[in-house]
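# Structural overview
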Amino acid sequence: MPESFRWATWSPSGLSSSLGCYLTAVTTKHRIVFYEHPDNGQSRWIPTLDLTKDIYKHVKSTDESAMDIDEKAAALAPSDEEDDEEEEDDEEENESSDDQKESNPKKLNSQFQFKNIDEMKRFQTLYCAWTSKIIVDPLAEMPGVLALSHKSGHVTIWSYSRRHGLAFITEFRPTNNYVNLLQWSKWKISGNTYTAYLMASSNSGEVYLSSFTITVNADAKGQVHIYSPIVKKLFTWFKDSPSIPILLTTWDDFSDDGSTLKLVVSKGISILTAFLKIESDSAEMIGDWHRYIPEDTSMGLSSASWTTDGEYLQAFTHEGQGLVLNTKESTISLNLPRSCALTDILLHKYKFQCMEIESKAEEDAINPNIDIVPIMWGTANSYSSLYTAIAFTMKPVIDISNRSNSVFDTYMGFILQSTREETETLEMLCKNIEKCIKDPNYIFTYPIKNIIHEALEYVANDESVDTIFTWLSTVGSLMKDTHRKPRDPNTLTKNIYSDTTSAAAMTMCTVKLVLKYFELPKMINEDLRKWCAMARKITRENYADSVLQFAIEREDEDFREFDEDDIMVIQLICDDALIEGNVSSYLLDTIRNVHDKLESCFPDLGPYDDLLAEIDRASQFSKTTEPSEKVIGREHCPICQDMIMPSRGTFASCTSGHTWEKCCMTMRVLSTPSARKCTSCNSKSLQPGSLDFIRLPNNNPEHMSFTDTILLKCQKCIFCGSDLIDINAL
């Protein structure tokens, strides 16, 4: 039988080699495969990691005697239900003695051999679930935690980061039956102690809740270390209810320092909810489970998600019906108006799809007397739950095709969860983007592209020009915040990316990249052009000011440790800022201080009259006027050794005509293949250490240069805040 997927889910963002998400799939042959989308123009997702061998090594290295008493008891107890594969194994087991079973290893394939059935079951993975990212420090790495369920009833927990790869953390055994579903809560954080709650279910019908606690620290190099994992089994429910759970979902307010945890289980056609109060080391259940039974389904739910901060549970049945359930007052009940509105939207989508099917089908293949019904396979919400992606099939009630020809297409569609007339939607989008931009960790911890894409998809497709103008004005107004916070000379990274004005400007640069795929009114295009010009100026000046302040705030003794390459980079950054014209007064003051610092600490490399002359010229001409004299060159062409003249834009040329791309951070030419590229705007910069082989002979190789310090601390694009990726990895 060909291998197919059993379950698939998304990892947290930033874990893949292209700094995106992994699509993590569990196959019918119990393999765990990570897929990613390469940033090279290909449309196909490719498998990049296979964790199956890691799981096999773990199973073979784990001593059965190391299990705790509960695990040993569970291991000795018989399983309630077995699938066809297990029944065949049991028949073989009954035909041989225990000695024969040990002397004849079980084989899953040519790669994996097992001593017995129990060991094989510990290896066979059924389900996977990721936690949200572990954010100890927004400037450090952000690993994710992956839980895997197995046929033996074990749950193994692993960590994954781009720097360290996969690492085993711990395992526990909530049941001796198959663990068929897993669902994590968010992290509840207390200092450096992180706790997440894992809901699991088995094919015996039971549901389990366990707490998973770790101690997390980040070292000076930005590496995150996970210590002291503790798993506590808190609750076991539905021991006398044999119907198998088909869906689990949770909601919590832990990110707002709350203590509420909501659980939802779909068993058969029943939807059950429970409410828990989570305190430091305890979990208290409020009341009992509440049950709701939908009237129009015989197969139960296919998916469910939370909306309006956990007030409503939005559910979809396998038959394609939409349900909205109230869960605010520790109960569950049907919200009939919202449910009818959601179902009407779905019916409109199904009818439209039927019309498309009929228009593409051959005339003699259409049978108007056959009814077509939807089958809902699954859904997923956008960041603010404004859009819902649905996967469904339109299937005839009576299939008259031969079995070999009975193939039905699965369609992907998107539904808007609110009407265009609802003014609250625009207000929500504006408040969301304002809240995000004002968060100092916005650039490092938020899914920026998701937030912007969702908002622009709504505002740019609205018939009213006022809708998109209002949203863009919200971002634009945050760029005009003239109040500049005092800079910390020791935190260059935060000075560049965490300032509200620069974060808003980076957002506007990303908006420009997204809106090029939309047809906008002329008036909006003109306003957008002005906002984007302002954003570009803000990001460049904020970067230059942050780097130069970082340099001149050093003690004179440390400043004198700068080598000639470092001094060149400082002057190139000053040149790049001054040649643009219309320079802000605060940046002119900073550059004057740079001149004074250079003259004081490096008098032998002076005089620096050219820098003073540039400052005077920049103070006199506007951004639409060229300077009266050209800025002098400072770097030599790698080919002919002629002087490279500073210029606006991303390219620079020497006096002999050789043209080079410039590093957007150091302003040096990109004469080495060791470079990084922004995943959104394609701006390029040097890799830290990439200039070591061309450094001047008088430089000291025993300490990190100022240039490399800048490149190391600039972890994101300085224009749009997107991730940087090695161009050689594309």
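Before any of the text, the structure's been laid out above.
Throughout what follows, the structure given in this document is the object of discussion. (Residues numbered from 1 in each chain as written. Predicted model: local features only at pLDDT ≥ 70, side-chain atom pairs only at ≥ 80, totals over all residues. Heavy atoms only, no water.)

The next point concerns the overall build of the protein chain. Looking only at helices and strands, the protein chain has 18 helices and 33 strands in total. Residue burial in the protein chain is summarised as follows: out of 730 residues, 49% are buried. Of the contacts made within the protein chain by residues no fewer than 6 positions apart, 56% connect residues no fewer than 24 positions apart. Carbon and sulfur atoms form 49% of the exposed surface of the protein chain, whose accessible area is close to 35800 Å². (Helix = DSSP H or I, 4+ residues; strand = E, 2+ residues; numbered from the N terminus. Buried < 20%, exposed > 50% of the residue type's maximum accessible area, 1.4 Å probe, protein only. Contact = heavy atoms within 4.5 Å. Areas by Shrake-Rupley, 256 points an atom, 1.4 Å probe, with all protein chains shown as cover.)

Side chains of V373, V397 and I398 sit close together on the surface and give an oily, nonpolar patch of about 270 Å² of accessible area. Examined against the element boundaries, I398 turns out to sit in the loop between β25 (387–396) and β26 (410–416). (Patch = residues over 30% accessible without salt bridge, like charges linked within 9 Å, V, L, I, M, F, W, Y side chains within 5 Å. Salt bridge = Lys/Arg side-chain N within 4 Å of Asp/Glu carboxyl O.)

So, on to helix α18 (residues 706–713). By the criterion of burial, α18 is predominantly enclosed, with 6 of the 8 residues buried. Every buried residue of α18 is listed here: F706, T707, D708, T709, I710 and L711. Where α18 is buried, its residues contact α11 (492–497), α13 (522–552), α15 (564–579), β31 (675–678) and β32 (684–686).

Turning our attention to the sheet that holds strand β30 (residues 659–661). The 4 strands are arranged β27-β28-β29-β30 in an open sheet whose pairing can be described as antiparallel. Of all the strands in the sheet, just β27 (635–636) and β30 have a single pairing partner and so form its edges. (Pairing = 2+ DSSP bridges.)

Moving on: the sheet that holds strand β1 (residues 5–10). Spatially, the 4 strands line up as an open sheet ordered β1-β2-β3-β4, and their pairing is antiparallel. Since the sheet does not close on itself, it has two edges, and those belong to β1 and β4 (46–50), each with one partner. On average, each strand axis in the sheet is inclined to that of its neighbour by 30°, with strand direction left out of account. In this structure, strand β2 (residues 23–27) lies alongside strand β3 (residues 32–36), joined through 4 bridges in antiparallel fashion. Within β3, the residue paired with L23 across the bridge is Y35. (Axes fitted to C-alpha atoms, helices over the stretch in contact; angles between N-to-C directions.)

Right, let's talk about the pairing of strand β8 (residues 144–150) for a bit. Among the 7 residues that make up β8, 7 are buried, leaving the element largely enclosed by the rest of the structure. Taking every second residue as pointing to the same face, both faces of β8 are buried, with G144, L146, L148 and H150 on one and V145, A147 and S149 on the other. Inspection of the sheet shows strand β7 (residues 125–130) paired to β8 by 5 bridges, in the antiparallel sense. Along β8, the bridge assignment pairs W130 with L146. Two elements, β8 and strand β9 (residues 155–161), share 6 bridges in a ladder whose sense is antiparallel. Residue pairing in the sheet places G144 in a bridge with Y160 of β9. In this structure, the hairpin formed by β8 and β9 is closed by a connection of 4 residues, where G153 is found at a positive phi of approximately 95°.

With that settled, the discussion passes to the nonpolar core. A general tendency of soluble globular proteins is for nonpolar side chains to be buried together. If you look at the biggest cluster of nonpolar residues, it comprises 94 residues, and the most contacted ones within it are W471 and M508. The element contributing the most residues to this core is α13, with 13 residues. When near neighbours in sequence (up to four residues on either side) are disregarded, W471 contacts L426, L429, C430, I433, A455, L456, V459 and V511. Core analysis: the second largest hydrophobic core is formed by 42 residues, A147, W187, V216 and V224 among them. (Core = buried A, V, L, I, M, F, W, Y, C linked by side-chain atoms within 4.5 Å.)

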